[in-house]
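Residue-level listing of the chains:
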Amino acid sequence: MEPFKCHSCLVPIFLVIVGCHGYINYLAIRLPLQGERPPPGSPWPQPKQWQQSPDLLTIDPIKFQFTSDTDCDIITKAFERYHSLIFGYKGLWVAEDKPTLPGLEVVISSKTCGKYPSLSMDESYSLVINNTATLTATEVWGFLRGLETFSQLVYDNQGELLINKTSITDVPRFPYRGSHLDTARHYIPIPVLKQNLDAMSYNKLNVFHWHIVDDQSFPFVSKTFPKLSEKGAYSKLHLYTPEAVADIIEYARLRGIRVIPEFDTPGHTASWGIAYQELLTTCWANGKPGVAIYNKHAEHEILDPTKNFTYEFLGQFFKEVSEVFPDEYLHMGMDEGYYYCWFSNPNITEFMTEQGFGKDYFKLEQYYSERVLGMISDLDKKYIIWQDPVENGAQVRNDSIVTIWKGGYSDWRRYMESVSSKGYYTILSSCWYLNYLTYPPAWRQFYSCDPLDFTGSQAAKDRVLGGQTCLWAEFVDGTNLLTRMWPSASAAAERLWSPAEVRDNDTAYFRLDQQRCRMLRRGIPTEPLLGGYCGDYEWGFEKDEPQLESTERPTTCINTSTCLLSISHYQLLCVVLVLSYLLNSCK
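Structural notes, computed from the coordinates.

Thresholds, definitions, all that
- Residues numbered from 1 in each chain as written.
- Predicted model: local features only at pLDDT ≥ 70, side-chain atom pairs only at ≥ 80, totals over all residues.
- Heavy atoms only, no water.
- Salt bridge = Lys/Arg side-chain N within 4 Å of Asp/Glu carboxyl O.
- Helix = DSSP H or I, 4+ residues; strand = E, 2+ residues; numbered from the N terminus.
- Buried < 20%, exposed > 50% of the residue type's maximum accessible area, 1.4 Å probe, protein only.
- Expected span 1.5 Å × (residues − 1).
- Axes fitted to C-alpha atoms, helices over the stretch in contact; angles between N-to-C directions.
- Parallel < 35°, antiparallel > 145°, perpendicular 65-115°, else oblique.
- Left-handed = near helix turned anticlockwise from the far one by under 90°.
- Contact = heavy atoms within 4.5 Å.
- Nonpolar A, V, L, I, M, F, W, Y, C, P; charged D, E, K, R; others polar.
- Pairing = 2+ DSSP bridges.

## A short note on the pattern of salt bridges
Counted under the stated rule, the structure contains 23 salt bridges. Glu 123 is the partner of Arg 145 in a salt bridge, and the nearest nitrogen-oxygen pair spans 2.8 Å. With Arg 145 in helix 3 (residues 140-153) and Glu 123 in the loop between strand 4 (103-108) and strand 5 (125-129), this residue pair connects regions lying 22 residues apart in the sequence. Glu 123 carries the same exposure label as Arg 145, and that label is buried. Here Asp 214 and Arg 185 are joined by a salt bridge, their closest N and O atoms 3.2 Å apart. Highlighted residues: Asp 214 in the loop between strand 10 (207-211) and helix 5 (227-232) and Arg 185 in the loop between strand 9 (176-182) and helix 4 (190-202), separated in sequence by 29 residues.

Dropping the structure here:
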């Protein structure tokens, strides 16, 4: 068979081969997507400064080396992970006509290995890719963000590994970029939690807000009070043992992610009372104790703030929690304190009279909140709370962080303005509730929500630390958590990382789809944004095994038979169909 010749009849072949790579398309033919399609290898979130040259380099997966001037387990293990993420597929080879990038040199200017990520960690980095590549960061946390960016810049074109000459200077817009997850309404298995931590790292989120217990179950295993989980968990299998919790904290640390647990009180505590009923308030009805009224209160509900036992118990419990979780902050919850049970209890009424509270139950809640938060301060910890106690008049520390959760997409601004004007640090979650099902998916709303988009002084806005997505698990478990979370959470991630002016919703559609396909290839089952496909890989396709042998191109495309050896099965199908058409049309 003769070699291909360059004449007009065969030009479309090359276009079709390129077109076999994945793209999002449209809802209907009359509704083409607007915006600009990004080049391959476009990073998400978008860096602060990003200059890309058209000059291309190739990479040899076998010979490529990561090197660092700092001895650190975080760096060593990141190199191992990312070598697999970037090069762990069959059918990758060196482009013969392009210079080869030999490796990535990492320079940590502090020469230190961070123990645990924190609110004050430095995540800035610079990345320069020319004939060599250098990633520079002040701290190891910036290295992790820069390595993720480097991994996203690498792409393959018909199996050839390519990267553009690039210069990036990057720093996050906000220091707190979180993902809240409820593991009480449904138990989420440890492997799924780890997958979610991986996905967070791919999107540069840095806080796992672990809402670990609630009314429904108490899966956290306490060594101090083991009966809490023995009686409060769904079963002996639905537990987060001390070993499992330590494993999650370490897994997150290696990815630069903080783990902040939430033990919500005084409400949301029914599971605590299964083992220790004396912690809860006894609700009354018709002059009788322990009687439920539907949609008002249960038989026993909400912690009893009048008993010394309550505070003695919590003091011991939170001492243990503060030792298990190394982060400087604990999330203390304190939202949705439904008072109906307190209303009904004559002992609480008597206590309020003695304290001079009258019938002001806000003052009772304030009394409880201030006593418990004082315990946390005594443990040398700082705390985060939902906005409710501040709204109800509780006095909290000036360095506390208040999470704004009310107001939804449209009405959160007044809450942010009110709380931040009181001098408190704030984070926003109101507009990033992932458990609200919408059609089409709500990522556009997530992308448009900006934590600084409220009326307030510059001082108030300076106290906004960032935000977090929230996923409550009434209708979520291990089967659908990741698809519910991603890629919608990616939209919030870019809003919290990238400069404020990066907000073109239409162009973000294409970049987010590229990120979605990237995550899919990395093993995260990520929900589609619209119709389309992800090149030569889809979820459910047999996964490639790591590249371990020669990365030389198996053959040069000289004729039809050898061309077909160097393309994927899906691309082969494209070629066969087009060849059939062209041969018929050229006759």
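## Here's the deal with helix 4
Taking 1.5 Å of rise per residue, the 13 residues of helix 4 would be expected to cover 18 Å, and the 19 Å separating its terminal C-alpha atoms lies within 8% of that figure. Burial of helix 4 is extensive: 11 of the 13 residues sit out of reach of the surface. Among all positions of helix 4, only Ile 190, Val 192, Leu 193, Lys 194, Asn 196, Leu 197, Asp 198, Ala 199, Met 200, Ser 201 and Tyr 202 are buried. Positive phi shows up at Lys 204, right after helix 4, with a value of about 65 degrees.

## Considering the packing of helix 4 against helix 6 (residues 242-253)
Taken N-terminus to C-terminus, the directions of helix 4 and helix 6 make an angle of 15 degrees; their axes are 10 Å apart at the nearest point. With respect to their mutual orientation, helix 4 and helix 6 come out roughly parallel. Taken as a pair, helix 4 and helix 6 cross one another with a handedness that is right-handed. Residues Ile 190, Leu 193, Lys 194, Leu 197 and Asp 198 of helix 4 lie in contact with helix 6, whose contacting residues are Ala 244, Asp 247, Ile 248, Tyr 251 and Ala 252. Its residues assigned to classes, the contact of helix 4 with helix 6 shows 7 nonpolar, no polar and 3 charged.

## Brief notes about the side chain of His 211
Tracing the backbone through its elements, the reader meets His 211 in strand 10. When sequence neighbours within four positions are dropped, the list of residues in contact with His 211 reads His 180, Leu 181, Asp 182, Thr 183, Ala 184, Arg 185, Glu 262, Asp 264 and Trp 472.

## What about the sheet that holds strand 11 (residues 258-265)?
Judged by pairing direction, the barrel is parallel, and its 8 strands sit side by side in the order 9-10-11-16-17-18-19-20 before closing back on the first. When the angles between neighbouring strand axes are averaged without regard to direction, this sheet yields 30 degrees. Two strands pair when backbone bridges link them, and strand 9 and strand 10 are joined in this way by 5 bridges, in the parallel orientation. By the bridge assignment for strand 10, Leu 181 is matched with Trp 210. In the packing of helix 13 (residues 413-420) onto the sheet, the strands contacted are strand 18 (401-404), strand 19 (425-428) and strand 20 (464-471), and the crossing angle to strand 19 comes to about 165 degrees. Across the face of the sheet, helix 17 (residues 488-497) comes into contact with strand 9 and strand 20 while running at roughly 175 degrees to strand 20.

## A few points about unusual backbone geometry
Note the cis peptide between Trp 44 and Pro 45, where omega equals -5 degrees. The topology assignment puts Pro 45 in the loop between helix 1 (11-19) and strand 1 (49-59). Thr 265 connects to Pro 266 through a cis peptide bond whose omega is 0 degrees. Mapped onto the elements of the fold, Pro 266 is located in the loop between strand 11 and helix 7 (270-275). Despite not being glycine, His 268 shows a phi value in the positive range, around 60 degrees. In this fold, His 268 is placed in the loop between strand 11 and helix 7. Take His 268: its relative accessible area is 13%, and that puts it in the buried class.

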